[in-house]
Amino acid sequence: KQWYQRRVRVFDSLHHQMVLYFETAHGPDQVVQCMEKLGYRVGFSLIEKATKDEARVKEDVDIVKYICKDLWNMLFRKQADNLKTNHTGTFVIQDNRFRFLTRVSQSEQYKQRGELYVAFTCGVVKGALANFGLPCSVTAEIDMSPTVKVTLTLQQPPI
Amino acid sequence: MSRSRSAVDPKRVSSELFSLTYGCMVAQLLKDFENPEEVNKQLDTMGYNIGVRLIDDFLAHTPSVTRCTTLEEVAEILCKQGFKMFLGIVPEVRNWSASKDKFSLVISENPLAEYVELPPHCQDTLWYSNIICGVIRGALEMVQMDVKCTFVGDTLRGNDSTEIEIKFVKILEDSLPAGED
């Protein structure tokens, strides 16, 4: 567990530097888009590698569960805390201690900046889903940092 | 039906996530800057920013490390503890200068560069892993050591080895904040 904490520290630092870079180089209003795009490529590749030797999961619900368990494990070495669905193509994944936020100040004024730290992960989820052949829109909500709710909306309603 | 799953080694996954993310970042920088030299600089800056904070984490988790008095000690701790802790590798220390103020780190397996191929236009100019140089520079600056840290070879470029040269410049005096005697 020790080794992981140290590697996490490096990854979180890289993630943070990426946010700062995009803010400076592309402007504060571009950060979310840039981080998401980058995350998308990472997510797509991660799933490509992770599932190449496996039988592909087929059902939408199984894919979303994979995101909550396996993908979350790859990113955060823990599973998402909660998954809800309205059974008509919307899923909400909840993480009560979203790691990238746990080192950002929790005070109200930083809520805007919080979005910058969730964008990469949303991109990863989006890219992962795309690789599974399940395109979704992915948005995140931070009502009460560090709890994050990621909403997946299937772009094709289930039959 | 049980899902057949290839053994998921968490270290492998963690390493893959890092190298994928880093790779996408470098690709983005190459798009943003026309000149790969600028990318080298940007990576160094990012690394520096990481290094100045990472050193605290390092020192907090290696209580046995005491203040170094020689560059040889620095080299030893950098490779056997620093690199090992954060990148999971132990570079080899080689090519000491006669005056012992310069040495090289040789990295045999670079976790950042897995599956990476350099685009042809920057084969001779980009130092793909230059973030590492920044990290070393930043971290050592926080322990009062000014060093120059540069890549001198990279297997990604077709060189024989991936090698970072570290040259001691000077000890940094604690500077007083403005306004104090």
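Below or above, wherever it landed, is the structure these notes cover. (Residues numbered from 1 in each chain as written. Chains lettered and ligands numbered in written order. Predicted model: local features only at pLDDT ≥ 70, side-chain atom pairs only at ≥ 80, totals over all residues. Heavy atoms only, no water.)

## Some remarks on the overall build of chain B
Phase 1 of the analysis: For chain B, the helix and strand inventory stands at 4 helices and 4 strands.
Phase 2 of the analysis: If you list the helices and strands of chain B from N to C, you get α-α-α-β-β-α-β-β.
Phase 3 of the analysis: Counting over 181 residues, chain B shows a buried share of 48%.
Phase 4 of the analysis: Taking contacts inside chain B between residues at least 6 apart in sequence as the whole, the part at least 24 apart equals 58%.
Phase 5 of the analysis: As presented, chain B carries roughly 9,800 Å² of accessible surface, and 50% of it is formed by carbon and sulfur atoms.
Phase 6 of the analysis: Computed over 18 positive and 28 negative side-chain charges, the separation of the two mean positions in chain B equals 4 Å. (Helix = DSSP H or I, 4+ residues; strand = E, 2+ residues; numbered from the N terminus. Buried < 20%, exposed > 50% of the residue type's maximum accessible area, 1.4 Å probe, protein only. Contact = heavy atoms within 4.5 Å. Areas by Shrake-Rupley, 256 points an atom, 1.4 Å probe, with all protein chains shown as cover. Lys, Arg positive; Asp, Glu negative; His and termini not counted. Charge placed at Lys NZ, Arg CZ, Asp CG, Glu CD.)

## Overview of the pairing of strand β3 (residues 136-144) of chain A
Phase 1 of the analysis: In the sheet, β3 of chain A pairs with strand β4 (residues 147-154) of chain A via 7 bridges, with the strands oriented antiparallel. Bridge pairing in β4 of chain A links C136 of chain A to L154 of chain A. (Pairing = 2+ DSSP bridges.)

## Describing empty space enclosed by the protein
Phase 1 of the analysis: Considering all chains together, one arrives at 1 cavity of 30 Å³ or more under this definition.
Phase 2 of the analysis: Every residue lining the largest cavity is listed: Y4, R7, V8, F11, M74, L75 and R99 of chain A together with S14 and L17 of chain B.
Phase 3 of the analysis: Sorting the residues of the lining of the largest cavity by element identifies α1 (2-26) and α3 (60-76) of chain A together with α1 (10-32) of chain B as the ones contributing at least two each.
Phase 4 of the analysis: Among the elements that make up the lining of the largest cavity, the one with the highest residue count is α1 of chain A (4 residues).
Phase 5 of the analysis: Across the lining of the largest cavity, the residue classes break down as 6 nonpolar, 1 polar and 2 charged. (1 Å grid on protein atoms, 1.4 Å probe; cavity = no way out; pocket = protein on both sides within 12 Å on 5 of 7 lines; lining within 4 Å. Points joined across faces, edges and corners; volume = space filled by probe spheres on them. Nonpolar A, V, L, I, M, F, W, Y, C, P; charged D, E, K, R; others polar.)

## Re the interface of chain B and chain A
Phase 1 of the analysis: Taken together, the contacts link 35 residues of chain B with 28 residues of chain A.
Phase 2 of the analysis: Across the interface of chain B and chain A, roughly 3,300 Å² is buried in total on both sides, 67% from carbon and sulfur atoms.
Phase 3 of the analysis: The interface formed by chain B and chain A contains 2 salt bridges.
Phase 4 of the analysis: A salt bridge links R9 of chain A to D57 of chain B, with the shortest nitrogen-to-oxygen separation between them at 3.2 Å.
Phase 5 of the analysis: Linking chain B to chain A there are 7 residue pairs in polar contact (both at pLDDT 80 or more).
Phase 6 of the analysis: Of all the secondary-structure elements, those providing two or more residues to the side of chain B that touches chain A are α1, α2 (36-61) and α3 (71-87) of chain B.
Phase 7 of the analysis: With 16 residues, the top contributor of residues to the side of chain B that touches chain A is α1 of chain B. (Buried area = accessible area lost by both parts, 1.4 Å probe. Salt bridge = Lys/Arg side-chain N within 4 Å of Asp/Glu carboxyl O. Polar contact = N/O pair within 3.5 Å; in protein donor to acceptor, adjacent residues only side chain to side chain.)

## A closer look at the nonpolar core
When a protein is soluble and globular, its nonpolar side chains tend to lie buried together.
Phase 1 of the analysis: Counting residues in each nonpolar core, the largest one holds 105 residues, and the members touching the most others are L71 and L152 of chain A.
Phase 2 of the analysis: Once you skip the residues sitting within four places of it in the chain, L152 of chain A turns out to touch V64, G89, T90, F91, I93, V125, L129, C136, S137 and V138 of chain A. (Core = buried A, V, L, I, M, F, W, Y, C linked by side-chain atoms within 4.5 Å.)

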